[in-house]
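# A structural walkthrough
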Amino acid sequence: MDYRSVTKTFGILTAGGDCPGLNAAIRGVCRAAYDRYGMKIVGIANGYRGLIEKDARVLKPEDFSGILTRGGTILGTSREKPFKASGGDNGDIVEKVGAIKENYRELGLDCLVVLGGNGTNTTGCLLAREGLNIIGLPKTIDNDIVGTDRTFGFNSALAIGTDAIDRLHSTAQSHNRVMVIELMGHKAGWLALYAGVAGGGDVILIPEIPYNIKIIGRHLINRAKSGKTFSIVVVAEGALSVAEAGMDKKERKRYRAETAIPSIAYRLAREIEEETGMETRATALGYVQRGGIPSASDRVLATSLGTAAADLLARGRYGRMVALQGNDIGSVELSVPEGKIKTVPGDHYMIDTAVAVGTCMGE
Ligand code: F6P
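As a starting point, this report considers the structure included with it. (Residues numbered from 1 in each chain as written. Predicted model: local features only at pLDDT ≥ 70, side-chain atom pairs only at ≥ 80, totals over all residues. Heavy atoms only, no water.)

### So, the sheet that holds strand β9 (residues 280–284)
Ordered in space as β7-β8-β6-β9, the four strands form an open sheet in which the pairing is parallel. Either end of the sheet is taken by a strand with one partner, and the two such strands are β7 (203–205) and β9. The sheet shows a mean angle of 15° between the axes of neighbouring strands, taken without regard to direction. Across three bridges, the pairing between β7 and strand β8 (residues 231–236) is parallel. By the bridge assignment, Ile204 is partnered in β8 with Val234. Here helix α5 (residues 154–175) sits on the sheet in contact with β6 (178–183), β8 and β9, set at roughly 165° to β6. Running over the sheet, helix α6 (residues 190–198) touches β6, β7 and β8 and is turned about 170° from β7. (Pairing = 2+ DSSP bridges. Helix = DSSP H or I, 4+ residues; strand = E, 2+ residues; numbered from the N terminus. Axes fitted to C-alpha atoms, helices over the stretch in contact; angles between N-to-C directions. Contact = heavy atoms within 4.5 Å.)

### Structural notes on the packing of helix α7 (residues 213–225) against helix α10 (residues 264–276)
Two elements in contact, α7 and α10, have axes separated by 9 Å at closest approach and are oriented at 65°. For the crossing formed where α7 meets α10, the hand is right-handed. Counted together, Ile213, Lys214, Ile216, Gly217, Leu220 and Ile221 of α7 and Leu268, Glu271, Ile272, Glu275 and Thr276 of α10 form the full contact between these two elements. Residues of the contact of α7 with α10, tallied by class, amount to six nonpolar, two polar and three charged. (Left-handed = near helix turned anticlockwise from the far one by under 90°. Nonpolar A, V, L, I, M, F, W, Y, C, P; charged D, E, K, R; others polar.)

### With respect to the packing of aromatic side chains
Within the structure shown, the criterion is met by three aromatic pairs. With 5.5 Å between their ring centres and 80° between their planes, Phe154 and Tyr194 make a pair best called edge-to-face. Of the two residues, Phe154 sits in helix α5 while Tyr194 sits in helix α6, which places them 40 residues apart along the sequence. Ring centres of Trp190 and Tyr194 lie 6.3 Å apart, and the angle between their planes is 55°; this geometry places the pair in the tilted category. With Trp190 and Tyr194 both in helix α6 and four residues apart, this pair spans about one turn of that helix. The class for Trp190 is buried, based on a relative accessible area of 5%. Through successive ring pairs, a cluster of aromatic residues spans Phe154, Trp190 and Tyr194. The ring of Phe230 has Arg223 sitting right over it, with the charged end atom 5.8 Å from the ring centre. (Phe/Tyr/Trp six-rings, centres within 6.5 Å; stacked < 30°, edge-to-face > 60°. Buried < 20%, exposed > 50% of the residue type's maximum accessible area, 1.4 Å probe, protein only. Lys NZ or Arg CZ within 6 Å of the ring centre and 35° of its normal.)

### Description of the site of the ligand
What surrounds the ligand is the set Arg79, Ile141, Asp142, Met184, Gly185, His186, Glu237, Tyr287 and Arg290. The side chain of Arg79 places a nitrogen or oxygen atom 2.6 Å from an oxygen atom of the ligand. For the ligand, the accessible surface in isolation is 400 Å², of which the surrounding protein chains cover 74%. Residue composition of the shell around the ligand, grouped by class: three nonpolar, two polar and four charged. (Near = heavy atom within 4 Å. Polar contact = N/O pair within 3.5 Å; in protein donor to acceptor, adjacent residues only side chain to side chain. Areas by Shrake-Rupley, 256 points an atom, 1.4 Å probe, with all protein chains shown as cover.)

### Some words on helix α4 (residues 118–129)
Every α-helix carries 3.6 residues per turn, so stepping three or four residues along brings you back to the same face. The terminal C-alpha atoms of α4 lie 17 Å apart, and with twelve residues this matches the ideal 16 Å at 1.5 Å per residue to within 8%. Within the sequence span of α4, burial applies to Asn118, Thr120, Asn121, Thr122, Thr123, Gly124, Cys125 and Leu127. Structurally, α4 contributes buried residues whose contacts are with α2 (48–52), α3 (91–106), β4 (111–116), β5 (134–138) and β10 (320–325). A positive phi of about 105° marks Gly131, the residue just after α4. (Expected span 1.5 Å × (residues − 1).)

Set out below in structure tokens:
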């Protein structure tokens, strides 16, 4: 133990959808906190649910040893959102938040470290307003958290998505087909855009740019006319047609329910066949994108963010989220973004890069 620490005991939890790199980050926080600062660590199971139910245990070095390369999270996770009412009134919010505050006290925590996406860090911020000390770490394969240049999980998912596109290339070529591949990303298209460029997608569709099926059809027909016998279409799960973009949330939900198609890849494949007459197949990659070992780059980022979080704990700098800022690790104030997520800006250089190599962005 080298240094003095303001924080003596802290809790740690992972919340929201899992991603590769969570264990590397847990290890980074815990190793530095334990070895360097001698802190006591309380691992909380299954995200905020574990704090509501007081499902927690003290972590020892053997708990966070040998986990650097492991996928998933040793702590477990859930989508529990204590500030979201599940019934008609706010009674359950009061109860859940009350339980969190009480258990935080009873567990003797000086601070709670939360590893998660926008929802998790927003909850963290709301708990900070309730008087708890919170430090956030940004994770998600969606790369959509405001305040950090990158989230861990993204790079691993990018490699998985790119590998899948590469594999579809060969079968698309053999069968002279159009292949549609759907990647995750409800509101932000980072993953589809990057994997699409890395895999040489001929069409890339992201939620930020509503697509016009006529333009996609024309692009695919022109490719066929120029002698290309197959095409790859990469689509983010949240991509919208121009018509859908004009609808409100309710209308869009009704419209989608009417078509009874499981996801955008299948709908788009049908639209492409109708528009072009080309044989088209759909693949929705799904949860494979969140599984397995983290990439080297994610391990490095998760470890750096983790050790930086331990430094914040030691200095008592609460109410902050560690972040990648250029080539440095820094931190930003935990804030409630009110639905504000980091989407792909219309003038982002990657959109121009894609278009410059002949990719159709659907508009
Ligand atoms: O937030 C990450 C994410 O992987 C999204 O890209 C995806 O839409 C969502 O999680 C799926 O979440 P769930 O695990 O709740 O099905």
